[in-house]
Amino acid sequence: MKKLIKYLLVFLVIVYSTFWLLDVLFTNIYQQGSYYKTQWLNNKENNVYDFAIHGSSRPYTCIDTEEVVENTGLKGINISLDGSTTPTHALMLEMFLNRGNKINTLYLNVDNWEADTEVIGQFSYPRFFPYYKEKAVYDHYKEFGLKWKLYRYLPFVRYAEQNTTWGLHQLANSLFDFKQPAYDAYGTKIYESTDYHGTKDLFEYNFDTTGQMKYLNKIISMCKENDIELVVFVCPFANAETDQKYFSGLNEFEHYLNKRGVEFYNFGDKYNKRFDLFVDEDHLNKYGVELFTEDVAEMITETQIKKAGQ
Amino acid sequence: MLFNSIHFLIFFPVVVSLFFMLPKTVKWILLLIASYYFYMMWKWEYIGLIVLSTVVDYFVALGIESSANERRRKLLLLISLSVNLGLLFYFKYYNFFIDNINMAVAIWDKEIVLPYADVILPVGISFYTFQTLSYTIEVFMKRTHAEKNFGIFALYVSFFPQLVAGPIERPQNLLGQLRELKGFRYENIVLGLRQMLWGMFKKVVIADRLAFFVNLVYDNPDQFHGPWPIMATLFFTFQIYCDFSGYSDIAIGAARIINIDLMTNFRTPYFSKSVKEFWGRWHISLSTWFRDYVYIPLGGNRVSVFRWVLNLFITFVVSGIWHGAAWTFVIWGLIHGLAVSIESYHGVRPLFKFKFPIWVQRSYTLFLVIFAWIFFRAPGLNEAIDIIDNMLNWNANIIGEIKRIETKELYNLAIGIPLIILLLIIEMMMQWKTTISLFHKLRWVRWASYIFLLIIIALFGVFVDPSDFIYFQF
């Protein structure tokens, strides 16, 4: 028995050390890359932006940020992440600011169904793994349970579990940029397809304002602390059920934000049932992006004028 | 509970630690509780089926042994066969049977539709049913004694390492070991852990990684032509081998840690020189089960040549049906049955006088086995035919088809081939005397191999939503 315990301990020490070394090596290389948007954003340091667009895949794919920059003459960036939820928006913003970047106005898209969510975005969370040992990242994830704490202390386990996202192919990609990222120089990705793949049945995109709004409030606080003006907006839907419940939810949400000094713009129903402008229920195609980008540029100009007048 | 789950990673060390701490006389109680817990983690209600089989076969075997009346003995055996095969039929074949009746009746009257049973297949039912059946048959044949201790017999039926996907054990091998559970053996722990590690490598690295591309092609047979269905079928050939032999390795390794020797289930089957030899090296515990309880009772080879060949053919068709309630499995069994029958006939009355070189024999075997896997894997007969049809169609936009798939699917395709080569190299090295000798003599070679395997598992294993073992569905 003693022999077994001795060998098991030695073996565990060797395994731990090997994985620790692999962890350090992979983390350093992944942090140099730019294939995933988290990699690109986390390599941006000490920049000043007049505006930043933030949120989920909807603002990521529905706004031509370059066009907005040209129309408004302002310096802007799109820091949205596909597959992310409000908790992830808060984390991404915190990391972006921690790197010495400054934003004057943050335009945050809030998806109705997850304004109050405390669930991690399943697609986006592994993309923060190379930064897991940063305080902001670990503090964020450790609240979700034991597994998330273990990721911090068991080296390489997170990369092993998510080796389809990371793995050797992304190691090579991070070193040599074999595959170009999907986003452009402003952090936007626009769908090439113009076909509609979603359902045409109407759907209730209602706001639930009864919860704690933990992460939305965190973003509001962060903006106040960093002297950022926050504007919340909602990107268009193709199939919104615009009944009384929808409008009363909107009013309540607007009231909630206004009480906290946040301006709100709703574009959710602006192109409702215009299926020719969408690729699915909640993402615009390139024709839709052209139209909606004008709306966003107008919103930005309007808020900037208001800000200048204050 | 899956072997490739965090749950098992905690469950197994706890069971092993308690096993070595407890006195010899109560070790079996721990294993029985652990085995029932292991099964109930899947669906607790279905433990009742195992308990029912256990109770019936326990009393039937005692009755058979104590009776001198041949008619009574046969009646008791019939009760055991009816209960066990009845449960198997109801849960596994009833809906298939009704489906075919409804299809046949619909030719005359579309109004008549017999109702289907709303059940899900209890995991491992084919395995534990065959294991408990082998017990009553062996007692009936007077080749083993009935077990007096109900708890030990219950453990024989439900022993967790091999409960859901074998190896299907015989009472002569397993019952005695369960009665005499041994204490701590360093050598067995090392051998067991080593075999578990190798099994885990085959399952999570090879089988689960190859599964991505296989599923993509077999779930969308219309979208892939030329090399892609061929490659998917080749991948499936290694996927199913690694999935099932990986499970067997983990099961045998886990049992060995607690000093239980389970039978070998695989011996590099794809190196076989004939389909007949293949069945002596693939799922050996099932092949020998069918040999002992179907083929030999049918008369085996002690009959006319025609009858002998027919017996082989019937045995393989039954084996096909054992695998699943679908016509695809029947055809899979037919292909193997036909090949083994012809090979056996050729053995006594040669169809040609010359002997093929070994590489031709191996290529023929591999080709036939791979071809039969198409029917095994395809969701239905139409899809199997589509796959074969598309394999022959090289005029489609082959490059365009692969460009359409996602990056991660391309990655899975690209690393599939090196992983298969790595598997073949390691399996070949495991046969070489020099490697075996180096492995046994030099500790650093052993340890380097373990670390290498662990790194490969970490880099290429599939851990998100770990998949079931393919043979769980049988």
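Residues numbered from 1 in each chain as written. Chains lettered and ligands numbered in written order. Predicted model: local features only at pLDDT ≥ 70, side-chain atom pairs only at ≥ 80, totals over all residues. Heavy atoms only, no water.

A. A look at the overall build of chain B. In terms of regular secondary structure, chain B is built from 19 helices and 0 strands. Computed over the C-alpha atoms, the radius of gyration of chain B is 23 Å, within 12% of the 23 Å expected from 2.2 N^0.38 for a compact globule of 474 residues. Seen through its C-alpha atoms, chain B measures out along the principal axes to roughly 70 × 70 × 55 Å. Expressed as a percentage of its 474 residues, the buried residues of chain B come to 55%. The contacts of chain B with a sequence gap of at least 6 include a subset with a gap of at least 24, amounting to 76%. (Helix = DSSP H or I, 4+ residues; strand = E, 2+ residues; numbered from the N terminus. Rg over C-alpha atoms; globule rule 2.2 N^0.38 Å. Buried < 20%, exposed > 50% of the residue type's maximum accessible area, 1.4 Å probe, protein only. Contact = heavy atoms within 4.5 Å.)

B. Region of the structure containing the overall build of chain A. For chain A, the count of helices and strands is 12 helices and 7 strands. Along the first, second and third principal axes, the C-alpha set of chain A runs to 75 × 45 × 40 Å. Here chain A holds 310 residues, and the buried ones make up 54% of them. In chain A, 83% of the contacts between residues at least 6 apart in sequence involve partners at least 24 apart. Of the accessible surface of chain A, which amounts to about 14,100 Å², a share of 53% is contributed by carbon and sulfur atoms. Side chains of chain A give 32 positive and 42 negative charges; the mean places of these two sets differ by 12 Å. (Areas by Shrake-Rupley, 256 points an atom, 1.4 Å probe, with all protein chains shown as cover. Lys, Arg positive; Asp, Glu negative; His and termini not counted. Charge placed at Lys NZ, Arg CZ, Asp CG, Glu CD.)

C. Broad picture of the interface of chain B and chain A. With 20 residues of chain B at the interface, the matching set in chain A holds 22 residues. With both chains or domains summed, chain B and chain A bury close to 2,100 Å², and 78% of this area falls on carbon and sulfur atoms. Among the residues of chain B in contact with chain A, Y186(B), W447(B) and L459(B) are the three that bury the most area, contributing 28% of the side total. Where chain B packs against chain A, one counts 0 salt bridges. At the surface where chain B touches chain A, the tally comes to 6 residue pairs in polar contact (both at pLDDT 80 or more). (Buried area = accessible area lost by both parts, 1.4 Å probe. Salt bridge = Lys/Arg side-chain N within 4 Å of Asp/Glu carboxyl O. Polar contact = N/O pair within 3.5 Å; in protein donor to acceptor, adjacent residues only side chain to side chain.)

D. Examining the layout of surface pockets more closely. Residues and elements named next belong to chain B. Of the volumes computed, that of the second largest pocket is approximately 1,200 Å³. Around the second largest pocket, the lining comprises 36 residues; the ones closest to its centre are R194, W198, I426, M430 and F439. Those elements that place two or more of their residues in the lining of the second largest pocket are α8 (186-219), α9 (227-257), α17 (407-429), α18 (433-441) and α19 (443-460). Top element by residues in the lining of the second largest pocket is α19. It accounts for 7 residues. For the lining of the second largest pocket, a count of residues per class yields 20 nonpolar, 10 polar and 6 charged. (1 Å grid on protein atoms, 1.4 Å probe; cavity = no way out; pocket = protein on both sides within 12 Å on 5 of 7 lines; lining within 4 Å. Points joined across faces, edges and corners; volume = space filled by probe spheres on them. Nonpolar A, V, L, I, M, F, W, Y, C, P; charged D, E, K, R; others polar.)

E. Molecular detail of the state of the cysteines. Residues and elements named next belong to chain A. Taken as a whole, this structure holds 0 disulfides over all chains when the rule is applied. For the unlinked cysteine C223, the closest cysteine sulfur is that of C235, found at 17 Å. Here C235 is not cross-linked by a disulfide; its sulfur's nearest cysteine counterpart is in C62, at 5.2 Å. Exposure remark for C235: the relative accessible area of 0% places this residue in the buried category. (Disulfide = S-S within 2.5 Å.)

F. Looking closely at the nonpolar core. Counting residues in each nonpolar core, the largest one holds 219 residues, and the members touching the most others are L106(A), F253(A), F159(B), F201(B), W282(B) and W373(B). F233(A), F267(A), L277(A) and L284(A) belong to the second largest nonpolar core, which has 25 residues in total. (Core = buried A, V, L, I, M, F, W, Y, C linked by side-chain atoms within 4.5 Å.)

G. Molecular detail of the side chain of S67(B). Residue and element names in this part refer to chain B. Relative to the helices and strands, S67 resides in the loop between α3 (47-66) and α4 (70-106). In this structure S67 comes out as buried when scored by relative accessible area, which is 12%. Within the structure, the side chain of S67 is placed 3.2 Å from the backbone nitrogen of N69, a separation counted as a polar contact. Residues contacting S67, with those up to four places away along its chain left out, are R72 and R73.

H. Structural view of helix α5 (residues 125-140) of chain B. The end-to-end C-alpha distance of α5(B), which contains 16 residues, comes to 22 Å, matching closely the 22 Å that a straight helix rising 1.5 Å per residue would cover. Residue K142(B) follows α5(B) closely and has a positive phi angle near 60 degrees. (Expected span 1.5 Å × (residues − 1).)

I. Region of the structure containing unusual backbone geometry. Notably, D227(A) is not glycine yet its phi reads approximately 55 degrees, a positive angle. Positionally, D227(A) belongs in the loop between α10 (214-225) and β4 (229-234). We note that K142(B) has phi near 60 degrees; this positive angle belongs to a residue other than glycine. With respect to the helices and strands, K142(B) occurs in the loop between α5 and α6 (150-158).

J. The UniProt feature "transmembrane region" (unreviewed entry) in chain A, seen in detail. Residues annotated by UniProt as "transmembrane region" (unreviewed entry) correspond here to residues 7-30 of chain A. Each end of residues 7-30 of chain A is marked by a C-alpha atom, and these two atoms are 34 Å apart; helix forms 100% of the span and strand 0%. (UniProt positions renumbered as here; feature names shortened; annotations may be inferred.)

K. View of the side chain of T132(B). Residues and elements named next belong to chain B. The topology assignment puts T132 in helix α5. Judged by its relative accessible area of 0%, T132 falls in the buried class. For T132, the side chain forms a polar contact with the side chain of D57, separated by 2.5 Å. Leave out the neighbours within four places in its chain, and T132 touches S53, D57, N84, F153, Y156 and V157.

L. Looking closely at α8(B). Residue and element names in this part refer to chain B. Between the first and last C-alpha of α8 there are 46 Å, a value that for 34 residues agrees with the 50 Å anticipated at 1.5 Å per step. Along α8, the helix axis deviates most sharply at F212, where the bend reaches about 30 degrees. Of all 34 residues in α8, 24 are buried, a share of seventy percent or more. (Bend = angle between axes of the 7 residues up to and from the residue.)

M. Examining the confidence of the model for chain A more closely. When the pLDDT values of chain A are averaged, the result is 91; 100% of them are 70 or greater. Taking the mean pLDDT of every element in chain A, the minimum, 87, falls on helix α9 (residues 167-176) of chain A and the maximum, 97, on strand β2 (residues 76-78) of chain A. (pLDDT = per-residue confidence, 0-100.)

N. Main features of the sheet that holds strand β5 (residues 263-266) of chain A. Residues and elements named next belong to chain A. Strand order across the open sheet formed by 5 strands is β2-β1-β3-β4-β5, with parallel pairing between neighbours. Two strands in the sheet have a free side with no partner beyond their single neighbour: β2 and β5. The mean inter-strand angle of the sheet, taken between neighbouring strand axes irrespective of direction, is 20 degrees. The pairing of strand β3 (residues 102-109) with β4 spans 5 bridges and is parallel. Across the sheet, T105 pairs through a bridge with E229, a residue of β4. The strands that helix α5 (residues 86-98) touches are β1 (48-54), β2 and β3; relative to β3, the one it contacts most, it runs at about 170 degrees. Helix-sheet contacts for α10 involve β3 and β4, and the interaxial angle to β3 is about 160 degrees. (Pairing = 2+ DSSP bridges. Axes fitted to C-alpha atoms, helices over the stretch in contact; angles between N-to-C directions.)

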